Amino acid sequence: MSRVMINLILGAGVGLVLILSALLGSSDLALPHAVAALLGGGDATAHIIVWEIRLPRALAAVGVGAALGASGALMQGLLRNPLAEPGVLGVSASASLGAIIALYFGLGLLGAFTVPVLAVAGALAATLMLSVLAAARISAVQLILVGVGLSSFAGALGALAMNLAPNRFALSDMVTWMLGSVTNRSLDDLMFVVPFWIVGVGLAALTAPGLRALALGEETAQTLGVHLGRTRAGVIGAAALLTGGAVAISGVIGFVGIVAPHLVRPFVRHDPTDLIWPSALLGGGLIALADLVLRLAPLDQELRLGVMVSMIGAPIFILIAARTRGMGR
Amino acid sequence: MMQTSRMRLIVDRLGVLRGAREILSDISMDVQAGELVALVGPNGAGKSTLIKAMLGLVECGTGAVMLDGAPVTRLSARERARQMAYLPQDRAVAWSITGGDLAALGRYAWGGAAYDRLAAADREMVDSALEQAGALSLKHRLIHELSGGEQARLHLARLLASRAPVLFADEPIAALDPRHQLEAMKVLRSQADKGGSVICALHDLNLARRHADRIAVLHQGRLHAFAAPETALTERVLAEVFGVKPARGGGLALL
């Protein structure tokens, strides 16, 4: 299958999930009314439900899933490790810690950008640390273990903030961030994050071709013409901006970044550069689909997206880890 | 065919430190256009480090490496890649890409595309390199499904596809069967005959003797000898450096 074809198919899938998300839901909006509202007609209530509640939430889910899927593909290419992923390596947890700090201190210095900025800063700190370790030629297993430790540490600091939370509202905000959710996200929430994602996509586009050469290792990649420092910085920056932005919207949602690239890799001939777009599209589609399913589930209390995704993603992660050969590098 | 008039690569009193330990010291040599130089020496003599130092991959503590009169460290990554290509000893590939995509990495400094999207001229160079390396039939195979020898031929194709005037190969024949060993040496020899410079670390002294114009004998980080094969690999050098002697009926024997 050609690279264009897989992207078209996955893109069409994302479009389909978005349309379904707009049309289906738990409120008493009959399907014909929802269709009418989606097409620009219908009454005011239907219009609000479709355009101001369902679609922004679905778009947030697509954006978060796409950002995490792309981050996973980028980090895997840079670290040459199929298990690298923002959630597994503690990048998401560090971003979440940044968001929690913003909430804990009620920081308003940067206005609505405070949460995304601190989330990106947390993601950047974690990604930098991981890449320094990766450059020091630690084994793939060690790198994953460091990520696990980093994840636990950031989680513990987040728990500490919750433990000392000034009031119940701050606490409930933080819990939402730890569990991961796109409930009640508006277009405004998205708009504060989109600039970070645009810069992230730009950096990724500039440096992603280097990942193809990095398949042969850092030294050989340099002799092929890769500017190693630039590539490393660009990929790290892109992964941190994408992950930080995603966490700023939804909190921690794990395993997308590992499952999406794993599933599409055979369709791009295992090419680490061609992997990025399909991973983003599949990640976006999967998260939006998961959110749609839990929105429709007949439960009294809505499931948290991050919880549900982890319940599906963690077993797949274990499966991939068990089947990965040559982990000692 | 030798264009002995042109000094291409000059190593000038090169020294490399790792921590406090001196891995290479006081190495001076040159490689001309149209010449195949074999680097030989026992394990740990510094062959791989010398190749990496010539490529600018490890920092020289002292001395310098000059390519066509300019220090290699002064070149940008892309300029260097267009002049010098490198086949490392470690041939691990992180992803099970196709043979064609692996060979296409040889053209990375001219665009960086995967095989399917190479410009026509680049694709022709990759195909002809695959053919020279005896790897054309592996073009569409995923490399993690191939044997070590098949992968080694694809790496050789990747090296040749660069068409770089200076080629470095660190143990290019290590994983190959006898026929493919000879074919690989023949291909590298032909690159030199066409005016290229080839620097090749080898363990097989007979192959080195047979294919190299000059042999550099490394011993404990120093250049023990650097001359034509018959002058470089004397019985004394064999004994002092390798601890072996010529055996009756060809081959080598322990002292």
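The next point concerns the packing of helix α4 (residues 91–104) of chain A against helix α5 (residues 114–135) of chain A. Axes are the key here: two packed helices are described by the angle between their axes and the distance separating the axes. All names here are of chain A. Running from N to C, α4 and α5 cross one another at 145°; their axes reach a closest spacing of 7 Å. Judged by the sense of rotation from one axis to the other, the crossing of α4 with α5 is right-handed. Across from Val 91, Ser 94, Ala 95, Gly 98, Ala 99, Ile 101, Ala 102 and Leu 103 in α4, the residues of α5 making contact are Thr 114, Val 115, Leu 118, Ala 119, Gly 122, Ala 123, Ala 126, Thr 127 and Leu 130. The residue inventory of the contact of α4 with α5, partitioned by class, reads 12 nonpolar, five polar and no charged.

Contacts between the two partners involve 31 residues from chain B, matched on the other side by 27 residues from chain A. Roughly 2400 Å² is buried in total at the junction of chain B and chain A, and carbon and sulfur atoms are behind 59% of that figure. Here chain B is connected to chain A by three salt bridges. Here Arg 269 of chain A and Asp 101 of chain B are joined by a salt bridge, their closest N and O atoms 3.0 Å apart. There are seven residue pairs in polar contact (both at pLDDT 80 or more) connecting chain B and chain A.

Our focus in this paragraph is the sheet that holds strand β6 (residues 84–87) of chain B. Two orientations exist for strands paired in a sheet by backbone hydrogen bonds: parallel and antiparallel. Residues and elements named next belong to chain B. Across the sheet, six strands lie side by side as β6-β7-β8-β3-β9-β10; this open sheet has mixed pairing. Whereas interior strands pair on both sides, the edge strands pair on one side only; in this sheet they are β6 and β10 (222–227). Geometrically, the sheet is characterised by an average inter-axis angle of 15° between neighbouring strands, direction not taken into account. Strand direction decides the pairing type here: strand β7 (residues 166–170) and strand β8 (residues 197–201), joined by five bridges, are parallel. The residue of β8 that forms the bridge with Phe 168 is Ile 199. Strands in contact with helix α1 (residues 47–55) are β3 (36–40), β6, β7, β8 and β9 (214–219); relative to β7, the strand with the most contacts, it is inclined by about 155°.

Attention now moves to a nonpolar patch on the surface. All names here are of chain A. Taken together, the side chains of Leu 16, Leu 20, Leu 24, Leu 31, Val 35, Leu 39 and Leu 296 define a hydrophobic patch exposed on the protein surface, amounting to about 600 Å² of accessible area. Of all the elements in the fold, those that place two or more residues in the nonpolar patch are α1 (3–23) and α2 (31–38). Considering the arrangement of structural elements, one finds Leu 39 in the loop between α2 and α3 (44–79). The exposed category is assigned to Leu 39, whose relative accessible area is 71%.

So, about helix α13 (residues 256–264) of chain A. All names here are of chain A. When you tally the buried positions in α13, you get seven out of nine residues, the bulk of the element. Considered for burial, the residues of α13 that qualify are Val 256, Gly 257, Ile 258, Val 259, Ala 260, Pro 261 and Val 264. Check the buried side of α13 and you find it contacts α1, α3, α14 (276–296) and α15 (305–323).

Another aspect to go through is the side chain of Glu 35 of chain B. Residue and element names in this part refer to chain B. Relative to the assigned elements, Glu 35 resides in the loop between β2 (21–32) and β3. We classify Glu 35 as buried; its relative accessible area is 3%. Here Gln 32 takes part through its backbone nitrogen, which lies 2.9 Å from a polar atom of the side chain of Glu 35. In this structure the side chain of Glu 35 is engaged in a polar contact, spanning 2.5 Å, whose partner is the side chain of Arg 214. When neighbours within four sequence positions are excluded, Glu 35 is seen to be in contact with Asp 30, Ala 192, Gly 196, Ser 197, Val 198, Asp 213 and Arg 214.

Each aromatic ring pair is characterised by the separation of its centres together with the angle its planes make. All names here are of chain A. Within this structure, the stated rule accounts for three aromatic pairs over all chains. Between Phe 113 and Phe 192, the ring centres sit 5.1 Å apart and the planes meet at 90°, which makes this aromatic pair edge-to-face. In this pair, Phe 113 sits in the loop between α4 and α5 while Phe 192 sits in the loop between α8 (187–191) and α9 (194–207), placing the two residues 79 residues apart along the sequence. On the basis of relative accessibility, which here comes to 31%, the residue Phe 113 falls in the partly exposed class.

With the rule as written, the count across this model stands at 18 salt bridges over all chains. In this structure, Asp 271 of chain A and Arg 269 of chain A form a salt bridge, with 3.9 Å as the shortest nitrogen-oxygen distance. Residue Arg 269 of chain A is classed as buried on the basis of its relative accessible area, which comes to 16%. Three or more residues joined by partner-sharing salt bridges are found here, namely Arg 212, Arg 269, Asp 271 and Asp 274 of chain A together with Asp 101 and Arg 117 of chain B.

Counting all residues, the mean pLDDT for chain A is 88, and 96% of those residues have values of 70 or more. Confidence scores differ between elements of chain A, with helix α7 (residues 168–179) of chain A showing the lowest mean pLDDT of 77 and α1 of chain A the highest of 96.

Leu 188, Ile 215 and Val 217 of chain B are the most contacted members of the largest nonpolar core, which totals 150 residues. Ranked by residue count, the leading element in this core is α3 of chain A, at 18 residues. Every residue in contact with Val 217 of chain B, bar those within four places of it in the chain, is listed here: Val 40, Arg 222, Leu 223, His 224, Ala 225, Ala 232, Leu 233, Val 237, Val 241 and Phe 242 of chain B. Listed in part, the 29 residues of the second largest apolar core include Met 29, Leu 39, Ile 51 and Ala 53 of chain B.

Conventions adopted
- Residues numbered from 1 in each chain as written.
- Chains lettered and ligands numbered in written order.
- Predicted model: local features only at pLDDT ≥ 70, side-chain atom pairs only at ≥ 80, totals over all residues.
- Heavy atoms only, no water.
- Axes fitted to C-alpha atoms, helices over the stretch in contact; angles between N-to-C directions.
- Helix = DSSP H or I, 4+ residues; strand = E, 2+ residues; numbered from the N terminus.
- Left-handed = near helix turned anticlockwise from the far one by under 90°.
- Contact = heavy atoms within 4.5 Å.
- Nonpolar A, V, L, I, M, F, W, Y, C, P; charged D, E, K, R; others polar.
- Buried area = accessible area lost by both parts, 1.4 Å probe.
- Salt bridge = Lys/Arg side-chain N within 4 Å of Asp/Glu carboxyl O.
- Polar contact = N/O pair within 3.5 Å; in protein donor to acceptor, adjacent residues only side chain to side chain.
- Pairing = 2+ DSSP bridges.
- Patch = residues over 30% accessible without salt bridge, like charges linked within 9 Å, V, L, I, M, F, W, Y side chains within 5 Å.
- Areas by Shrake-Rupley, 256 points an atom, 1.4 Å probe, with all protein chains shown as cover.
- Buried < 20%, exposed > 50% of the residue type's maximum accessible area, 1.4 Å probe, protein only.
- Phe/Tyr/Trp six-rings, centres within 6.5 Å; stacked < 30°, edge-to-face > 60°.
- pLDDT = per-residue confidence, 0-100.
- Core = buried A, V, L, I, M, F, W, Y, C linked by side-chain atoms within 4.5 Å.

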